[in-house]
Amino acid sequence: MGKADGGWRSLIGITVDFVFIGIETFQEKLAASGLPPVLSGRHDTGQFQASVVARELGPVKLIALVTPEGECFRDAQCARAEDEKLWQIDLMARGRARVEQGQGTADLGPTDLVLIDPARPVRFASTASAHVTMLVPRRELRLRPGDAARLAGVRIRGDRGPAALVSSLARDMARSLSGFRAREADRSAAAVIELISVALEAQLGDVRPGPDEALRDRILGYIEARLSDRSLAPAKIAAAHHISVRRLHKLFEDQPLTVAALIRQRRLERCRADLTRSDRTVAAVAARWGFVDPAYFSRIFKATYGYNAAALTAGHRARTVNAPAARRDEDGGPRIAER
């Protein structure tokens, strides 16, 4: 594999399991690693060279990547039910990257980290770089919806405080995870997750919400807990929080989605997750999450995800979409790269 291989090894200090020439082969191996899928944006297909190393520590998965300069993105059509069960924490080991998700834009340098919601659209652009992704189950890394919204796509400096420990640990784990018994792996993973939690809490201290953000957080929690309530609507939400409907809409005017659109999106996400793991009919699942008109549900589901809801039912799971064709996403379209 010559000089290029030796140079890549030195970037992150780990043994490279695979070195690929050609983006299609790389994308196949990337999918096999367990990393949430992305679509290619900009890169030099003729000179594309990259590597992937995947490691597991109990419920935590680490994926070390060495990649060329380029861009990639994840849109709504990439979403998989299993990605809603994970948080993604990315560490830059070498190079620079820009990560955009929701309202956040993180310009990352070596040692920096960023929290990503793998179930939501995201964009990446990077120089030739080495990075480590940690995938942590949501049930283990407990984040409130409002906290996650404030942290997603925000640069977390990895040269100080608890984040520095996470940054150093992630790089070490990517090259030294071997020889753990099952119980040892689970206990070690719990310690890693706790350290990540401390780092995220410290970051939240730097972006402590103002009164409007605190109220919006409460409203987000209220919505999340009542998605199955068919009567859930802006007027009911406003009344429950003793504010006017106009005030409610103003709280969300700088957010990616209006209140009604947010309710619809979260209901669709719940429906998609249920359809992939239950034997219920499409109509039953739609009704469970507040959609009273099956025809309307089918239309907006296909418009959002690019395929029919029936494709996810028990009789059609073999047709589940894993790598849909690139198309413009709801945040503006394909612009971001590699990973």
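Keep in mind that this is a model prediction, so the values were computed, not measured.

Q: For the overall build of the protein chain, give the residues involved together with the corresponding values.
A: Of the regular secondary structure elements, the protein chain holds eleven helices and twelve strands. Out of the 339 residues belonging to the protein chain, those deemed buried represent 49%. The long-range fraction of contacts in the protein chain, counting pairs at least 24 apart against all pairs at least 6 apart in sequence, stands at 75%. Summing over all exposed atoms, the protein chain offers an accessible surface of approximately 16,100 Å²; the carbon and sulfur share of this is 50%.

Q: Describe the packing of helix α9 (residues 259-277) against helix α11 (residues 294-305), listing the residues and the values that go with them.
A: Packed helices, taken two at a time, are described by their axes: the angle between them and the distance between them. Axis separation between α9 and α11 bottoms out at 11 Å; the angle between their running directions is 90°. The orientation of α9 with respect to α11, classified from their angle, is roughly perpendicular. Residues Arg264, Leu268, Glu269, Cys271, Arg272 and Leu275 of α9 touch α11, and the partners they reach there are Tyr296, Phe297, Ile300, Phe301, Thr304 and Tyr305.

Q: So what's going on with the pairing of strand β5 (residues 70-74)? Which residues, and what values?
A: Within β5, five of the five residues are buried, leaving the element largely enclosed by the surrounding structure. In β5, alternate side chains face the same way, and those of Gly70, Cys72 and Arg74 on one face and Glu71 and Phe73 on the other are all buried. Note: strand β2 (residues 39-40) against β5, two bridges, orientation antiparallel. Note on β5: the bridge partner recorded for Leu39 is Phe73.

Q: Please set out the nonpolar core residue by residue, giving values where relevant.
A: Counting residues in hydrophobic clusters, the biggest one holds 32 residues, and the most contacted among them are Ile219, Ile223, Ile237, Leu248, Phe252, Phe297 and Phe301. Within the residue set of this core, elements represented by two or more residues are α6 (211-225), α7 (234-240), α8 (245-251), α9, α10 (282-288) and α11. The dominant element in this core, judged by the number of residues it contributes, is α9, at six residues. In this view, Ile237 contacts Ile219, Tyr222, Ile223, Leu232, Leu248, Val259 and Ile263; residues no more than four positions away in its chain are not counted. Formed by 30 residues, the second largest nonpolar core is a distinct cluster that contains Ala64, Ala189, Ile196 and Leu200.

Q: Go over the environment of Ala97 with me, naming the residues and quoting the values.
A: Mapping Ala97 onto the fold places it in strand β7 (residues 97-101). Spatially, the C-alpha atoms of Ala97 and Gly109 are 6.8 Å apart, while their sequence positions differ by twelve residues. If we skip the residues at most four places from it in the chain, Ala97 touches Met92, Ala106, Asp107, Leu108, Ala125 and Ser126.

Q: Quick rundown of the confidence of the model for the protein chain? Include the residues and the values.
A: Summing up the model confidence of the protein chain, the mean pLDDT is 80 and the portion of residues at 70 or higher is 82%. Per-residue pLDDT, averaged within each element of the protein chain, yields its smallest value for helix α1 (residues 2-12) (36) and its largest for strand β9 (residues 113-116) (96). Note that pLDDT drops below 50 for residues 1-18; the model gives that stretch 35 contacts with residues more than four away or on any other chain. A low-confidence stretch, residues 316-339 stays under pLDDT 50, and its non-local contacts, those more than four residues away or across chains, total 77 contacts.

Q: Kindly report on unusual backbone geometry, identifying the contributing residues and their values.
A: The phi angle at Thr111 is positive, at roughly 80°, despite the residue not being glycine. Within the fold, Thr111 resides in the loop between β8 (104-108) and β9. With a phi close to 60°, His242 is a non-glycine residue in the positive phi region.

Q: Quick rundown of the environment of Ala50? Include the residues and the values.
A: Considering the arrangement of structural elements, one finds Ala50 in strand β3 (residues 49-57). The class for Ala50 is buried, based on a relative accessible area of 0%. Between the C-alpha atoms of Ala50 and Pro68, which are 18 residues apart in sequence, the distance is 6.6 Å.

Q: Now, about helix α2 (residues 23-32): what can you tell me, with residues and values included?
A: Because the α-helix completes a turn every 3.6 residues, residues three or four places apart line up on one side. When we look at burial in α2, the residues that qualify are Ile23, Phe26 and Leu30. Down the axis of α2, the buried side of the element spans an arc of 55°, and every buried residue falls inside it. Exposed and oriented more than 90 degrees from the buried face of α2 are Glu24, Glu28, Ala31 and Ala32. Remark: Gly34 follows α2 within two positions and exhibits a positive phi of approximately 100°.

Scoring rules and cut-offs
Residues numbered from 1 in each chain as written. Predicted model: local features only at pLDDT ≥ 70, side-chain atom pairs only at ≥ 80, totals over all residues. Heavy atoms only, no water. Helix = DSSP H or I, 4+ residues; strand = E, 2+ residues; numbered from the N terminus. Buried < 20%, exposed > 50% of the residue type's maximum accessible area, 1.4 Å probe, protein only. Contact = heavy atoms within 4.5 Å. Areas by Shrake-Rupley, 256 points an atom, 1.4 Å probe, with all protein chains shown as cover. Axes fitted to C-alpha atoms, helices over the stretch in contact; angles between N-to-C directions. Parallel < 35°, antiparallel > 145°, perpendicular 65-115°, else oblique. Pairing = 2+ DSSP bridges. Core = buried A, V, L, I, M, F, W, Y, C linked by side-chain atoms within 4.5 Å. pLDDT = per-residue confidence, 0-100. Arc of directions from axis to C-beta.

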